[in-house]
Amino acid sequence: MSQGSAPLTSRPEWQALTSHQRDLKNTHMRDMFRDDPGRADRFFIRGGGLSLDFSRNRMTDDTMARLMALARSCGVPERTEAMFRGEYINVTEKRPALHVALRDNSGEPIHVDGTNIAPEVESTLNRMSQFVDDVLSERWQGHTGKAFTDVVSIGIGGSFLGPKLVSEALRPYWHGRLNCHYVANIDGTQIAEILARVNPETTLFLIQSKSFRTQETLENSKVARAWFLDNGGHEDQIARHFVAVTANSPEAVRFGISADNIFPMWDWVGGRYSLWSAIGLPVALTIGMDNFRALLSGANAMDQHFRNTPLEQNLPVVMAMLGLWYNNFWGAETYTILPYDHYLRSLPAHLQQLDMESNGKRVTQDGVPLTYHSGPVIWGGVGANGQHAFHQLLHQGTRLIPADFIIPLETHNKVAKHHVILFANCLSQSRALMSGKNLDEAKAELKAEGMSAEEIDKLAPHKVIPGNKPSNTLLMDKATPETVGALIALYEHRTFVQGIIWDVDSFDQWGVELGKQMGKGILDRLTGDSDDSTSPSDSSTDNLIRAFRSHHSC
Ligand code: F6P
């Protein structure tokens, strides 16, 4: 599966980009815009209901051609087909990554190891529909015959971030008959706060865990079950209140979930790509199954765009290659996601897992240490709040931080002039990042304010904003199930394309395992269950364990 030929950085396409960066590094985007009136029109593409303005990047037509040549030489079109065909692109775990199958509505067979999985995907969606219908029509009620009022989804990582993002993003589509809460953390405060607000007679718990082995999820689920039993529920009524989504049914049954209440997950869906499966149940319960299917069809529209559009016009490919351009040729270490929409406030957190768990890798698919950087640090926050906080560093800090601005043309909440002002803020930020303010302009501004020449000389350098800071602007008509589905799928494919170029396995996550392994030994020492002095430790860990134990007098 790996690229197999010359090391990435020795390829002519890579070297062509290295020398091209040297040619471009003293050119300001301001000048590019001045000299090329057609720039914004040319670097504007559409797909899956989204539009991308990528004209505010440190690039020319030549740059894009070179980036696309690299994409071709690394086999992006072939690897994309391999993903859609269900090949084992997750090499270290020996399985396909077929999240696209969860939103495929073509009716065509999709094979994994010779078995057509499409019917099972469809039958799971039908089961979800039936379940949502049963709950909303009150055929499925709490143990005292009352309708459910609250859903508590217990899961972490991919079994949490995607559904939470979409629940928030599609808040205007909530039918209002159910509240939805998410518990992820093993910080007891989270579940304590939620259980204090809900009623055991009318609360439905969804235990969401692909592996059904995740400590945080299992401990929180035990707390939920104990709370249910301590507050009027009986063992034989657990089936009315606890449902699981997992690829490990035997464990879920051992936990006490009725086999009839288990929705399947599959090995060929990675956790961070699972919101499209029954892991999306909290979303489906709150927005209804028709809207959930619309979310899937939005994602599918992006899948079709990604699969069938030439690289130059392909949103995920263009965004991936531009991200890579800064990551590998301009020394950018981080990448910021700036949704100008309150409903999309959790997008940065979801993309953090999606991208950093996928491409935070140090060896190639063949296990050879990388000689170039893989995925950057992903972070971000909702506009315009960031403008009054961290944007200062974007504008005047010493680091290069490419940004994605994401904004709907229309709001769900027409409040006074808010949306037009928000839109203006978004445009002014990307414009300011691009154009900046040079020393002459800073001086002229201060002069116009009547400042003395001496004061101007002192202050002007502080007022200089270098500009030439890259950004993309992603537009959608409105945050609907379709556009939100397309947006998330866009970033999934962007991540995948970068992983192809870096030749990493974007679908495993071995790095998170070590902390889990060590956690068990440390927990035993904290509780005093074992103080095995032969197990590896260090003086810092030992001291901190002593501090904890002495505080708790154990
Ligand atoms: O620890 C990381 C991780 O394995 C993620 O990849 C995954 O989304 C999360 O844990 C939760 O896993 P599970 O759904 O198996 O509980």
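Remember, it's a predicted structure, so these values are computed and weren't measured experimentally.

Visitor: Before we go on, may I ask you to explain the UniProt feature "active site" (unreviewed entry) in the chain in this structure?
Guide: UniProt's feature table lists "active site" (unreviewed entry) at Glu357, His388 and Lys516, given in the numbering used throughout. With the annotated positions falling across 160 residues, the maximum pairwise C-alpha distance of 37.6 Å shows that they are not confined to a single cluster. Examined against the element boundaries, Glu357 turns out to sit in helix α15 (residues 347–359). Positionally, His388 belongs in the loop between β11 (377–380) and α16 (391–396).

Visitor: When you look at unusual backbone geometry in this model, what are you seeing that I'm missing?
Guide: As a rule of thumb, non-glycine residues mostly have phi less than zero, and peptide bonds are mostly trans rather than cis. Put simply, Gly383 and Ala384 share a cis peptide bond, and its omega is 0°. Here Ala384 is to be found in the loop between β11 and α16. Phi at Lys94 is positive, roughly 50°, even though this residue is not glycine. Tracing the chain through its elements places Lys94 in the loop between α5 (76–84) and β3 (111–112). For Asp503, which is not glycine, the phi dihedral falls at a positive 60°. On the secondary structure map, Asp503 appears in the loop between α20 (481–502) and α21 (513–527). Here Asp503 falls in the buried class, since its relative accessible area comes to 7%.

Visitor: Before we go on, may I ask you to explain the nonpolar core in this structure?
Guide: One recurring pattern in soluble globular proteins: nonpolar side chains tend to sit buried together. Grouped together as the largest cluster of nonpolar side chains are 121 residues, with contacts concentrated most on Phe131, Trp268, Met321, Trp325 and Leu487. Residue contributions to this core peak at twelve residues, all from α20. Counting the residues that make up this core, at least three belong to each of domain 1 (12–91 + 308–502) and domain 2 (100–294).

Visitor: Help me out: how do you make sense of the site of the ligand in this one?
Guide: Around the ligand, the structure places 14 residues, and the nearest of them are Gly158, Ser159, Ser209, Ser211 and Thr214. In the environment of the ligand, an oxygen atom lies 2.6 Å from a nitrogen or oxygen atom belonging to the side chain of Ser209. Take Ser211: an N or O atom from its side chain is 2.6 Å from an oxygen atom of the ligand. In isolation the ligand offers 400 Å² of accessible surface; the protein chains occlude 87% of this area.

Visitor: Sorry, what's going on with a nonpolar patch on the surface here?
Guide: Together, Leu514, Met518 and Ile522 give the surface a local cluster of nonpolar side chains, amounting to about 260 Å² of exposed area. Position of Met518 among the secondary structure elements: in helix α21. A relative accessible area of 48% means that Met518 is categorised as partly exposed.

Visitor: What exactly am I supposed to notice about the packing of helix α1 (residues 12–24) against helix α4 (residues 61–73) here?
Guide: How two helices pack is summed up by the angle between their axes together with the distance between the axes. Put simply, α1 and α4 touch, their axes get as near as 9 Å, and they point 160° apart. Between α1 and α4, the angle falls in the class roughly antiparallel. As for the relative orientation of α1 and α4, their crossing is left-handed in sense. Facing Glu13, Trp14, Ala16, Leu17, Ser19, His20 and Leu24 of α1, the residues of α4 in contact are Asp62, Thr63, Arg66, Leu67, Ala69, Leu70 and Ser73. Across the contact of α1 with α4, the residue classes tally to seven nonpolar, four polar and three charged.

Cut-offs applied
Residues numbered from 1 in each chain as written. Predicted model: local features only at pLDDT ≥ 70, side-chain atom pairs only at ≥ 80, totals over all residues. Heavy atoms only, no water. UniProt positions renumbered as here; feature names shortened; annotations may be inferred. Helix = DSSP H or I, 4+ residues; strand = E, 2+ residues; numbered from the N terminus. Buried < 20%, exposed > 50% of the residue type's maximum accessible area, 1.4 Å probe, protein only. Core = buried A, V, L, I, M, F, W, Y, C linked by side-chain atoms within 4.5 Å. Domains from an automatic or database assignment. Near = heavy atom within 4 Å. Polar contact = N/O pair within 3.5 Å; in protein donor to acceptor, adjacent residues only side chain to side chain. Areas by Shrake-Rupley, 256 points an atom, 1.4 Å probe, with all protein chains shown as cover. Patch = residues over 30% accessible without salt bridge, like charges linked within 9 Å, V, L, I, M, F, W, Y side chains within 5 Å. Salt bridge = Lys/Arg side-chain N within 4 Å of Asp/Glu carboxyl O. Axes fitted to C-alpha atoms, helices over the stretch in contact; angles between N-to-C directions. Parallel < 35°, antiparallel > 145°, perpendicular 65-115°, else oblique. Left-handed = near helix turned anticlockwise from the far one by under 90°. Contact = heavy atoms within 4.5 Å. Nonpolar A, V, L, I, M, F, W, Y, C, P; charged D, E, K, R; others polar.

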